[in-house]
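Survey of secondary and tertiary structure
These are the residues of each chain, in order.
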Amino acid sequence: MTILDKVLGRERVLVKENERALTLHKGEIKTVLLPGEHWLANRRGSLEVSRHDLKNPEFVSAYEKALFDKLPDVAARHFTVVRTGRTDVAVIERDGNLHAVLAPDRKLVLWTDAGPWKVTLIDTSVDLAIDAAVMRRLGQARKAELMSVHPVVDGQAGLLFIDGVLVRTLTAGVHGFWNVGRMVQIKVVDLKRQSLDVAGQEVLTKDRVTIRVNIAAEYRVVDPVKAVSMVKDFSEALYRALQYAFRKTLGALTLDQILEKKVTVDEEAAAKVRADMAEIGVEVSDIALKDVILPGEMREILNQVVSAEKQAEANIIRRREETNATRSLLNTARVMAENPVMLRLKELEALETIAGKVERLTVHNGTGGLLNDLVKLRDS
């Protein structure tokens, strides 16, 4: 600074390429300085300079309102203003890169020279869904604070509720929605075939025996909208329907009938279960009684009955075998009585058997003595 500059009250202001500067004279906004050397009046410290680094392209200043009110043409040359309405979301790109996402009812002032800028306004009152490409860019740029993501896998259906109202069904994939003051809920429903077990269900039989049964059913959801909207919990509804059906079926049978027939639910009750569940979008296929569990004292009684039955069967078989043996002996005796030669052969067979068990055998009176019971065994 020269002596003349001091006399004239001028001050040198240097603005770099990455900077912009606001000047105020005696507290009044005057202009925006571009890069370069500037000589400005500064008598008695009347000059004020506010510098801004374009590395931070967002203009945040206490002088913003005064600048736009008093110097609208200057503001229009140097700033890009982004405003969103009550249902708008703004996606702001800087030189092709995602810079920011602006929520509804917001304003953002950007230095135009920090661009180029591209602003895309999205009206969320029409649809809260986010385009898949935009969703990926938001995630990669870590600008997902206004976005909610909901995956739906193969074999599932996603029911989209906005502010508690069912809007539509979502297919498999990743779905993104703007989270801008409206409540977004996704109810995921499994469409694959599933099994439901009703374990330990107590039933009173016709002969007033309390038993516990395990019940199983196969089902799948064929209409997810009905399954979710018509009942609070469709699996709980199926559970209750199976309970009622088996109580009705087994309660009309005695314990012996249940154990003997290994019954399942009767066709009428099964048809009722299937019809009731079809009304809420659930298809029921197999329904079966898996196990019958008896009280401890009843198990002991049945074990005794079974043991007695088995013993009686064994006695019958034993008597049958004894009868057959006696009948066989009787037939043999009858044949020998009618055929003396056969009797003689049997005696010789007996003699042969005895001779094989002793060292010496003495026969008196010849072989005829054998016929007169005169065979005498004597050990030497």
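We now turn to the structure provided with this report. For every chain, the first residue of the written sequence is number 1, and numbering continues from 1 along that sequence. With pLDDT at 70 or above as the cut-off, local features in this predicted model cover only qualifying residues; side-chain atom pairs require 80 or more to be listed or tallied, and sums for whole chains, interfaces and linings still use all residues. The side-chain figures draw on all heavy atoms in the structure; neither hydrogens nor water molecules are used.

A closer look at the sheet that holds strand β17 (residues 210–221)
Inclusion rule: Two strands form a pair only when DSSP identifies at least two bridges running between them. By the criteria applied, helices consist of DSSP H or I runs no shorter than four residues and strands consist of E runs no shorter than two, each listed in order from the N terminus. Every axis corresponds to a line fitted to the C-alpha atoms, with the helix fit spanning only the stretch in contact, and the corresponding angles, defined between N-to-C directions, vary from 0 to 180 degrees. Any two residues having at least one pair of non-hydrogen atoms within 4.5 Å are treated as being in contact.
With antiparallel pairing, the three strands of this open sheet are ordered in space as β16-β17-β18. Of all the strands in the sheet, just β16 (194–204) and β18 (282–293) have a single pairing partner and so form its edges. When strand polarity is set aside, the average angle formed by the axes of neighbouring strands in this sheet is 20°. The pairing of β16 with β17 spans nine bridges and is classified as antiparallel. The partner of Gln 194 across the bridge, within β17, is Tyr 219. Against the sheet, helix α6 (residues 234–250) makes contact with β16, β17 and β18, and its axis sits at roughly 40° relative to β16, the strand it touches most.

Some details on the packing of aromatic side chains
The test is simple: Geometry of aromatic contacts follows a simple scheme: Phe, Tyr and Trp rings, the Trp one being its six-membered ring, pair when their centres are within 6.5 Å, and the pair is stacked under 30 degrees between planes, edge-to-face over 60, tilted otherwise. A simple rule labels every residue: compare its accessible area, found with a 1.4 Å probe on the protein chains alone, to the largest value its type can have, and call it buried under 20%, exposed over 50%, or partly exposed in between.
Tallied over the entire structure, the rule returns four aromatic pairs. Judged by centre distance (4.5 Å) and plane angle (40°), the rings of Phe 59 and Phe 79 are tilted. On the criterion of sequence distance, the pair formed by Phe 59 in the loop between β5 (47–53) and α2 (64–70) and Phe 79 in strand β6 (residues 79–83) is long-range, its members being 20 residues apart. With respect to class, Phe 59 is no different from Phe 79; both count as buried. With a centroid separation of 5.3 Å and an interplanar angle of 80°, the aromatic rings of Phe 59 and Trp 111 are classed as edge-to-face.

What to know about the pattern of salt bridges
For clarity, the cut-off: Salt bridge, as used here: a side-chain nitrogen of Lys or Arg that lies within 4 Å of a carboxyl oxygen of Asp or Glu.
Counted under the stated rule, the structure contains 13 salt bridges. For the salt bridge of Lys 192 with Asp 190, the shortest nitrogen-to-oxygen distance reads 3.0 Å. Here Lys 192 falls in the partly exposed class, since its relative accessible area comes to 42%. Note that Arg 193 and Glu 283 form a salt bridge whose closest N and O atoms lie 3.8 Å from each other. Here Arg 193, found in the loop between β15 (184–190) and β16, pairs with Glu 283, found in strand β18; they are 90 residues apart in sequence, far enough to count as distant. On the basis of relative accessibility, which here comes to 44%, the residue Arg 193 falls in the partly exposed class. According to the relative accessible area criterion, Glu 283 is partly exposed, its value standing at 34%.

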